[in-house]
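# A structural walkthrough
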Amino acid sequence: MKMTLSAQHLWLIPALPLLAAALGALTPRSGRTPAAGAAIGAMVLSFLLSCGALATALAHPAAHATANFTWFAVGDGAVRLGWLLDPLTAFMCVMVSFVSTLIFIFSLGYMKDDANFKQFFCFLSLFAAAMLGILVANSLLLLFVSWELVGLASYLLIGFWFHKPEAAAAAKKAFIVTRIGDLGFLLGILWLYDSTGSLLFYDNGAGVLEPTALGGLAAQTTLCGLALSTAIGLLIFCGAAGKSGQFPLHVWLPDAMEGPTPVSALIHAATMVAAGVFLIARVYPLMAADQLLAGVPVHALTVVAFIGAITALLGALIAVAQNDIKRVLAFSTVSQLGYMMLALGVGSWVAAVFHLLTHAFFKALLFLGAGSVIHAAHHEQDIRKLGGLSQPLRVTFATFAIGMMALAGVPFLFSGFWSKEAILHAAHEWEVSHLPLFAGLAAVVLTAFYMTRLVAETFFGKARSHAAEHVHENSAVMTVPLVLLAVCAIALGFLGTPAFPWLQARLLGETEVHGHSLLDGSGLMLGSIVLVALGLGAGWAVYWRTPRAKDTSPDPLASAAPATIAFLGARMKFDELYAATLGRLNTFLAAFADFLDHWVWGGAVNFLALLGEFSGTVNREADEGGLNAGFDATSEKLRQTGQAYSHAQTGGTHGYLRTVAIGFVVLVLLVMLGGGR
Amino acid sequence: MSPDYTGLFQALRPETSLLFGALVALGLDLSLFRRHTSGERLNLALWIGALAVLAAGAHVWFGPHGPIFGGVLILDPLAVATRLGVLALTLLTLGVATAARTPRNPAEYVAIILFATTGFMLMAAAQQLLLAFLALELASLSLYVLAGFDKTRPESAEAALKYFLFGGMAAAFLLFGFSLIYGLTGSIELLEIARQLTLQGLSPLLVVALVMVLVAFGFKAAAAPFHLWAPDVYEGAPTPSAAFIASASKLAGFTLFARLLWPGLRAAAGNVSTLHGAPGWLPAVAVISAVSLLLGNFAALAQTNVRRLLAYSAIAHAGALLLGVIAAGRSGPAPFFFYAATYGLATVGAFGVLAVVERTGSCQKITDLAGLHRRSPLLAGCLAIFMLSLAGIPPLAGFFGKFTVFAAALQLGGLAGPAGWLAFLAIALSALALYYYLIVLKQALVAPPTANASRIVVPTLARFTLMAAAGLIVLFGVAPSLLLDLF
């Protein structure tokens, strides 16, 4: 009973930040304190409510508590929405609201000199509201609405410094590229609604994730012999791939680093980019509905696994050759999201969610650490020009190092190790292929390597630019969030160790935890520990032992293999490839559409205008005049038609009353003649 | 059955509250507050009026339901919803009146608004021809006075006279039509008429009677070709009067005539779902609807006066609303009620904005709105919501109104018959309509203010009224079930 009550009040979690965003939008530009206060206050309340929701969810982890309602009814159909409370929702809400709170607080310090300070908090609140909306939605439609809202908030925040052309271009790119994926997502939603007549996830047996609907979806075949559930699942995956920066739609994510660093930490590392992973975890029963079918060309999850594996490896490779501190982290995000997709694909969605949660904390930590460095070093982001920061930035360095070790997967103490281990373990047990496992293992080495390089270049050696020489540790408003996140980056791993996989059990709806000995599958664990050590050692040998002397001195790897590193540094030329193919195609289509618009539609509209003009002459003589192409001329024609009509309005009452009489007679004749038929 | 006067009295408590409020406002104004300034007297009268409207609303909400006094009145969901809608629109009109120029006799002005509202309330529930006619006349006579209330301006007098002549002629048609119907069926009770007509079928005399009713309907709805009064009245009448005529009056009129036509004259409806449908009043309504849609939208394009533009847009909306009335036979009254109520909200709001702008000078031409975003961001924002709702842009209520009406019309028979084609025409013309609404918004939101334009101070009550109207439009657009669930 208590459970349904909580699901009914779940809407409060996104509603509070939404209210804060509305208040923020209405406050004048000078209202910095009220806007930020409302945003942070709402986030804190959301966090407390999320904790309450988590407590309720953990009491009955197997239940999908829902509160559904009819939004509106049209004819016989009705559009229904609702909220859903299960452990997945609850854990995600706690994570998002907690990380958001810390990042909001960090932003107080980071953005304090910005003229649009209040707007920033308004956008951040809007984002948080939409993100939490995705999490609590029990309807694919509501999820999609929130999904597009986070896209909008992301656009606004990437382009927050819109006076920089790169930021404006990056915002546009992010919006358009994710839109490509969302088109597939929308098609999937429509197809699903067409097939099942519902978009609710759980609805007492009538929801799309419940056995009745899933059985029907898996039983039908459609294009190319795919099961219907596979086709819909893959379309939904398009949306997830766009949002989560999966190959081949990953190109927007590194550019998104043009936004303020807290935005990168919150949206493009911890929460929004993980929404794709959450979406697939949420619709996992749909994605997995075709698993038992034999003789279908492909299973949806197989595609997910391979895309994830490619992305994990690709992101790690490109990250090796980046020189901007935020770009390295951005490509590492791409790579880690690939891991999560890999885990989903090989059938262990709980491992994906576990990694999502740990990654959110340590990646937010790394980004905020990078933000702290950038803020201290007067907006210098090039690691070649930094160096020697470990002394002046003690807190930042210590916490960044913890984040780095968590990301690199340093054994036992750090959360990233346990979640990555869970993914590799699941990949090892996958029966279809071991290629994803090998890609994952290769990415383990690369991750350890590029993170060592990042730390060595940024914090060791000596300062290599004027900006890096004069740095001071940031104020407590920025360092305290770092410390809190660092604690989480360590502690969170112990929620899901193989010995006591509490988190996994709760996510799966089990109340009892069945641990394994750490020695089970120890071969794999040992192997990955060796690989981490290999990566760390290589990084130490190349970058740490002999620190860079000047900001212009060549990179040791680039000297060894200049062509490869240049290729990776140019992000494997994906942007150029897209510009040469899709960009050209787009230009061609635009020209074609322009042709249609100008000649075909323009002609048709002109023809209609001609008809309108003709009817105008019933009241007045016809206007003469030829047809010009284009809509401008059309509008003028329509205006003239209107004038022809309104000339009948002379103002004389006699004429008016006569019109009424004529109208009466005509109507009577009409009905009478109609009766004669 | 013996007459149930207690029941009647209980059912008429909302009307009683309104009349009581009107008399109190008049009485206080003539006695205690005679020496006060006209501004104070207006405020007092408006507050009394608002209280009376709120009391009436409470009585409607908690009052009895079902047939009253042997079926003379029917308090079904449509009647209750219309009564609440009319009261809400009256309240907003009173709010608009706080911003407009103070009339010379403020208490009379408010009292007449309340009398008109009483008429609307009875129109919403009347189920007997005599009561329907009386209610309509009570409302119409009050509206004529309201249109001509500003005696200092000749335009106002002209508007009132035209409205009166037109209305008088329409009333004559209606009464003639009613008497023919009485002659044919021997009854003035709608249900009895309906029973008789099913037995009789369509006779030439009935056709004449039907069309006479439709002429009056066309006048009330400002549908072409009976629309000719509308542009002059909207232009000349005091702004709150114009707002009232365009909103509450329209809602009540549509409810009254939908009730006359569907339950009362259903047997003579005919059919417009297929090409070779049966004759009756439906084809005639379809013709009126088509003419209104075409004429309203095209003539609005050419307007330079913002009030005349609103008038022609009202004609176009009347065409779409008639489509909703056509579809009401199958889909029930919910679509056209939703459309009429939300249209009324947007129109009251738009006139409210004009009333506030008028405080700083004339507001007749569209160019008078130039630079409104600089002069008052609140007004510009509210105007954008009202205009976009009129144009039918989601997520505003106007979109959903259009959507439900067109969907209901298309359900009649798809594109196989005139109803479907009309829906199609209306959808196409909506695109056209966006053009002239955007012309207004272009002036308000993009064009720079003229050199001597000052900042506009919006009075608190007017600000509250406009924000309430805009808020309701957004609310009903996002959650249309709030209104649709009344049925």
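Residues numbered from 1 in each chain as written. Chains lettered and ligands numbered in written order. Predicted model: local features only at pLDDT ≥ 70, side-chain atom pairs only at ≥ 80, totals over all residues. Heavy atoms only, no water.

### Structural notes on the overall build of chain A
Each helix and strand in chain A was counted, giving 28 helices and two strands. Here the C-alpha coordinates of chain A stretch approximately 100 × 60 × 50 Å along the principal axes. Sequence separation of at least 24 residues holds for 77% of the intrachain contacts in chain A that already meet a minimum separation of 6. Of the roughly 26,600 Å² of accessible surface on chain A, a fraction of 69% belongs to carbon and sulfur atoms. Taking the average place of the 34 positive charges on the side chains of chain A and the average place of its 37 negative ones, the gap between the two points comes to 8 Å. (Helix = DSSP H or I, 4+ residues; strand = E, 2+ residues; numbered from the N terminus. Contact = heavy atoms within 4.5 Å. Areas by Shrake-Rupley, 256 points an atom, 1.4 Å probe, with all protein chains shown as cover. Lys, Arg positive; Asp, Glu negative; His and termini not counted. Charge placed at Lys NZ, Arg CZ, Asp CG, Glu CD.)

### Section: the overall build of chain B
Across its full length, chain B holds 21 helices and two strands. By the compact-globule yardstick of 23 Å for 487 residues, chain B fits well, its C-alpha radius of gyration being 21 Å. Each of the three principal axes of chain B carries a C-alpha extent, and together these read 70 × 55 × 40 Å. Buried positions account for 63% of the 487 residues belonging to chain B. Nonlocal contacts in chain B, meaning residues at least 24 apart in sequence, comprise 79% of its contacts between residues at least 6 apart. (Rg over C-alpha atoms; globule rule 2.2 N^0.38 Å. Buried < 20%, exposed > 50% of the residue type's maximum accessible area, 1.4 Å probe, protein only.)

### Re a nonpolar patch on the surface
All names here are of chain A. Together, Leu 582, Leu 585, Phe 588, Leu 589, Phe 592, Phe 595, Trp 599, Val 600 and Trp 601 give the surface a local cluster of nonpolar side chains, amounting to about 970 Å² of exposed area. Assignment of secondary structure puts Leu 589 in helix 26 (residues 574-616). Look at Leu 589 and you get partly exposed, because its relative accessible area is 44%. (Patch = residues over 30% accessible without salt bridge, like charges linked within 9 Å, V, L, I, M, F, W, Y side chains within 5 Å. Salt bridge = Lys/Arg side-chain N within 4 Å of Asp/Glu carboxyl O.)

### Focus on helix 20 (residues 460-478) of chain B
Every α-helical turn comprises 3.6 residues, leaving residues that sit three or four positions apart pointing alike. For helix 20 of chain B, which comprises 19 residues, the first-to-last C-alpha distance of 27 Å matches the rise-based estimate of 27 Å (1.5 Å per residue) to within 8%. Buried residues belonging to helix 20 of chain B abut helix 4 (77-99), helix 15 (334-358), helix 17 (377-391), helix 18 (397-411) and helix 21 (481-484) of chain B. (Expected span 1.5 Å × (residues − 1).)

### Brief notes about the interface of chain B and chain A
Each partner contributes to the interface: chain B provides 45 residues, whereas chain A provides 32 residues. In this structure, the connection of chain B to chain A is made through zero salt bridges. Counting every contact that joins chain B to chain A gives two residue pairs in polar contact (both at pLDDT 80 or more). Put simply, the parts of the chain that give the side of chain B that touches chain A at least two residues each are helix 7 (154-185), helix 9 (204-221), helix 10 (229-236), helix 13 (281-301), helix 14 (306-331), helix 18, helix 19 (418-445) and helix 21 of chain B. Here the residues of the side of chain B that touches chain A sort into 35 nonpolar, seven polar and three charged. (Polar contact = N/O pair within 3.5 Å; in protein donor to acceptor, adjacent residues only side chain to side chain. Nonpolar A, V, L, I, M, F, W, Y, C, P; charged D, E, K, R; others polar.)

### Things to note about the side chain of Gln303(B)
Residue and element names in this part refer to chain B. The residue Gln 303 is located in the loop between helix 13 and helix 14 in this model. Judged by its relative accessible area of 9%, Gln 303 falls in the buried class. From its side chain, Gln 303 meets the backbone oxygen of Ala 299 in a polar contact 3.0 Å long.

### Focus on the environment of Leu26(B)
All names here are of chain B. Considering the arrangement of structural elements, one finds Leu 26 in helix 2 (residues 13-30). On the basis of relative accessibility, which here comes to 24%, the residue Leu 26 falls in the partly exposed class. Sequence spacing of Leu 26 and Val 285 is 259 residues, and the spatial spacing of their C-alpha atoms is 42 Å. Beyond its immediate chain neighbours, meaning those up to four positions away, Leu 26 contacts Ala 107, Glu 108 and Ala 111.

### Side note on the pattern of salt bridges
One pass over the full model with this rule turns up 20 salt bridges over all chains. Between Asp203(A) and Arg80(A) there is a salt bridge, with its nearest N and O atoms 2.9 Å apart. Separated by 123 residues along the polypeptide, Asp203(A) in the loop between helix 7 (165-196) and helix 8 (211-219) and Arg80(A) in strand 2 (residues 77-85) bring together distant segments of the chain. According to the relative accessible area criterion, Arg80(A) is partly exposed, its value standing at 32%. The salt bridge partner of Arg308(B) is Asp232(B), with a shortest N-O separation of 3.2 Å. Of this pair, Arg308(B) sits in helix 14 while Asp232(B) is found in helix 10, placing the two residues 76 residues apart along the sequence. Since its relative accessible area comes to 14%, Arg308(B) is described here as buried. We classify Asp232(B) as buried; its relative accessible area is 9%.

### As for the state of the cysteines
Scanning all chains against the criterion turns up zero disulfides over all chains. In this model Cys488(A) remains outside any disulfide bridge; the closest cysteine sulfur is found in Cys51(A), 11 Å from its own. Under the relative-accessibility criterion, Cys488(A) is labelled buried at 16%. A disulfide-free cysteine, Cys382(B) has its sulfur positioned 15 Å from the sulfur of Cys363(B), the nearest such atom. (Disulfide = S-S within 2.5 Å.)

### Thoughts on the confidence of the model for chain A
Residue and element names in this part refer to chain A. Of the residues in chain A, 92% reach a pLDDT of 70 or more, and the chain-wide mean stands at 82. Put simply, helix 1 (residues 2-8) is where chain A has its lowest mean pLDDT, 57, and helix 12 (residues 275-282) is where it has its highest, 91. Ignoring residues within four places in sequence, the model shows residues 1-5, a span with pLDDT below 50, making seven contacts including any to other chains. Confidence drops under pLDDT 50 across residues 621-629; counting only partners more than four residues distant or on other chains, this segment forms 13 contacts. (pLDDT = per-residue confidence, 0-100.)

### Considering the packing of aromatic side chains
Two descriptors summarise a pair of aromatic rings, namely the distance from one centre to the other and the angle between the planes of the rings. Residues and elements named next belong to chain A. Inspection of every chain in the model, using the stated rule, returns 40 aromatic pairs over all chains. Measuring from ring centre to ring centre gives 5.0 Å for Phe 117 and Phe 121, while their planes differ by 55°; the resulting arrangement is tilted. On the criterion of helical spacing, the pair formed by Phe 117 and Phe 121 is a turn pair, its members being four residues apart in helix 5 (residues 117-136). The class of Phe 117 is buried, set by a relative accessible area of 5%. For the pair Phe 120 and Phe 160, a centre-to-centre distance of 5.1 Å together with 65° between the ring planes defines the contact as edge-to-face. Residue Phe 120 is located in helix 5, and its partner Phe 160 is located in the loop between helix 6 (140-158) and helix 7; the two are separated by 40 residues in the primary sequence. Of the two residues examined, Phe 120 and Phe 160, each falls in the buried class. (Phe/Tyr/Trp six-rings, centres within 6.5 Å; stacked < 30°, edge-to-face > 60°.)

### Regarding unusual backbone geometry
The peptide bond linking Phe247(A) to Pro248(A) adopts the cis configuration, its omega dihedral lying at 5°. Of the consecutive residues Ala224(B) and Pro225(B), the connecting peptide bond is found in the cis state with omega at 0°. Along the chain, the position of Pro225(B) falls in the loop between helix 9 and helix 10. A positive phi is found at Phe69(B), a non-glycine position, where the angle reads about 55°. Among the structural elements, Phe69(B) can be located in the loop between strand 1 (66-68) and strand 2 (73-75). Positive phi outside glycine occurs at Ala222(B), with the angle close to 55°. Inspection of the secondary structure puts Ala222(B) in the loop between helix 9 and helix 10.

### Focus: the packing of helix 4 of chain B against helix 12 (residues 248-264) of chain B
All names here are of chain B. Where helix 4 meets helix 12, the axes come as close as 9 Å, and the angle between the chain directions of the two elements is 165°. Considering their axes alone, helix 4 and helix 12 lie roughly antiparallel with respect to each other. Along this stretch, helix 4 crosses helix 12, giving a crossing that reads as left-handed. Of helix 12, the residues touching helix 4 (which contributes Leu 78, Ala 79, Thr 82, Gly 85, Val 86 and Leu 89) are Ala 248, Leu 251, Ala 252, Thr 255 and Arg 259. Residues of the contact of helix 4 with helix 12, tallied by class, amount to seven nonpolar, three polar and one charged. (Axes fitted to C-alpha atoms, helices over the stretch in contact; angles between N-to-C directions. Parallel < 35°, antiparallel > 145°, perpendicular 65-115°, else oblique. Left-handed = near helix turned anticlockwise from the far one by under 90°.)

### Some thoughts on the packing of helix 8 (residues 190-200) of chain B against helix 12 of chain B
Any two packed helices are characterised by how steeply their axes cross, that is the angle between the axes, and by the distance between the axes. Residues and elements named next belong to chain B. Running from N to C, helix 8 and helix 12 point in directions that differ by 40°, and their axes come no closer than 9 Å. In terms of their interaxial angle, helix 8 and helix 12 are classed as oblique. On helix 12, the residues that touch Leu 190, Ile 193, Ala 194 and Leu 197 of helix 8 are Arg 259, Leu 260, Pro 263 and Gly 264. Residues that form the contact of helix 8 with helix 12 fall into these classes: six nonpolar, one polar and one charged.

### Details of the side chain of Lys243(A)
Residues and elements named next belong to chain A. With respect to the element layout, Lys 243 can be found in helix 9 (residues 228-243). No salt bridge is formed by the buried Lys 243; its nearest oppositely charged neighbour, Asp 182, is found at 4.3 Å. In contact with Lys 243, other than residues within four places in its own chain, are Trp 147, Val 150, Gly 151, Thr 178, Asp 182, Trp 252, Met 272, Val 273 and Ala 275.

### Details of the confidence of the model for chain B
Interpretation of this model should avoid reading the predicted coordinates in detail wherever pLDDT is low. Mean pLDDT over chain B: 90, with 100% of residues reaching 70 or higher. Two summary scores accompany this predicted model of the complex, namely pTM at 0.76 and ipTM at 0.82.

### Side note on the environment of Lys250(B)
Residues and elements named next belong to chain B. Looking at where Lys 250 falls in the secondary structure, it is placed in helix 12. On the basis of relative accessible area, Lys 250 is assigned to the buried category, the value being 4%. Between the C-alpha atoms of Lys 250 and Ala 423, which are 173 residues apart in sequence, the distance is 21 Å. Look past the residues within four positions of Lys 250 in its chain and what remains in contact with it is Ala 221, Ile 245, Ala 314, Ala 318 and Tyr 343. One polar contact links the side chain of Lys 250 to the main-chain carbonyl oxygen of Ala 314, over a distance of 3.1 Å.

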